[in-house]
Amino acid sequence: MKRIHIIGSVGSGKTTLAKHLSNRLQIPHYELDNVVWRRTTSGDVRRTDQERDQQLCEIIRTERWIIEGAHHTWIKDSLQNADLIILLDTPYSKRIYRIIKRFILQRTGLEKANYKPTFKIFRKMFIWNAAYQNQNRQEILELLSTYDEKLVSLQNNNEIEKHLNGLGEGHAETTY
């Protein structure tokens, strides 16, 4: 597997899994949020759709990549070019717990964030999580239904570990 796309809601474990696989497989990973947003010292600047699509195209053209994100309306090229698509379909309550935990860790400086962890962003994460649960999840399932031959849907840490072990990757100690 040289090209992996990981998709799921905020708090599902996408970034953690992408970093873990990146380290294990020596494949660079890319967060779709960083494709959408240009990170500057004075704040984030949203790229135009054309800039965003060009940025994604440049990543996809490389030989090896792990792309992760919750975005699903403009990532078809990534899905088509992926060798493996992982859907992290973590339960809603687990995602809520992770959103709260992440916010506390980021606010206390114990975890790095690509954005300033404000209460406004914290509130938006709950909104995004609910939108995923109530609408986006079904849209994503429909989108991914055409990729059954390379799609793996995982709901918890045990399933992730079992799948990684099945790929011959050995046991991992990471929590997703």
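Please refer to the structure higher up on the page.
Residues numbered from 1 in each chain as written. Predicted model: local features only at pLDDT ≥ 70, side-chain atom pairs only at ≥ 80, totals over all residues. Heavy atoms only, no water.

Caption draft 1: Looking closely at the nonpolar core. Ranked by internal contacts, the top residues of the largest apolar core, which has 19 residues, are L32, L56, I67, W74, I75 and L144. Listed by contribution, the elements that provide at least two residues to this core are α2 (32–36), α3 (49–60), β5 (65–69), β6 (84–88) and α6 (119–144). Listed in part, the 14 residues of the second largest apolar core include L17, L21, L84 and L154. (Core = buried A, V, L, I, M, F, W, Y, C linked by side-chain atoms within 4.5 Å. Buried < 20%, exposed > 50% of the residue type's maximum accessible area, 1.4 Å probe, protein only. Helix = DSSP H or I, 4+ residues; strand = E, 2+ residues; numbered from the N terminus.)

Caption draft 2: Quick peek at the sheet that holds β6. The sheet built from five strands is open, its strands ordered β2-β5-β1-β6-β7 with parallel pairing. Lying at the two open borders of the sheet, with one neighbouring strand each, are β2 (29–31) and β7 (151–154). Sheet twist, expressed as the mean angle between neighbouring strand axes with direction ignored, is 20 degrees. In this structure, β6 lies alongside β7, joined through four bridges in parallel fashion. (Pairing = 2+ DSSP bridges. Axes fitted to C-alpha atoms, helices over the stretch in contact; angles between N-to-C directions.)

Caption draft 3: Seen up close, the packing of aromatic side chains. Applying the stated rule across the entire model yields three aromatic pairs. Taking the centre distance of 4.1 Å and the plane angle of 20 degrees together, the rings of F103 and F122 count as stacked. Residue F103 is located in helix α5 (residues 92–107), and its partner F122 is located in helix α6; the two are separated by 19 residues in the primary sequence. Comparing F103 with F122 shows no difference in burial state: the two are buried. Summarising the aromatic geometry, the rings of F122 and F126 are spaced 5.0 Å apart at their centres and angled 75 degrees between planes, so their arrangement reads as edge-to-face. Residue F122 and its partner F126 are located together in helix α6, separated by four residues, close to a single helical turn. (Phe/Tyr/Trp six-rings, centres within 6.5 Å; stacked < 30°, edge-to-face > 60°.)

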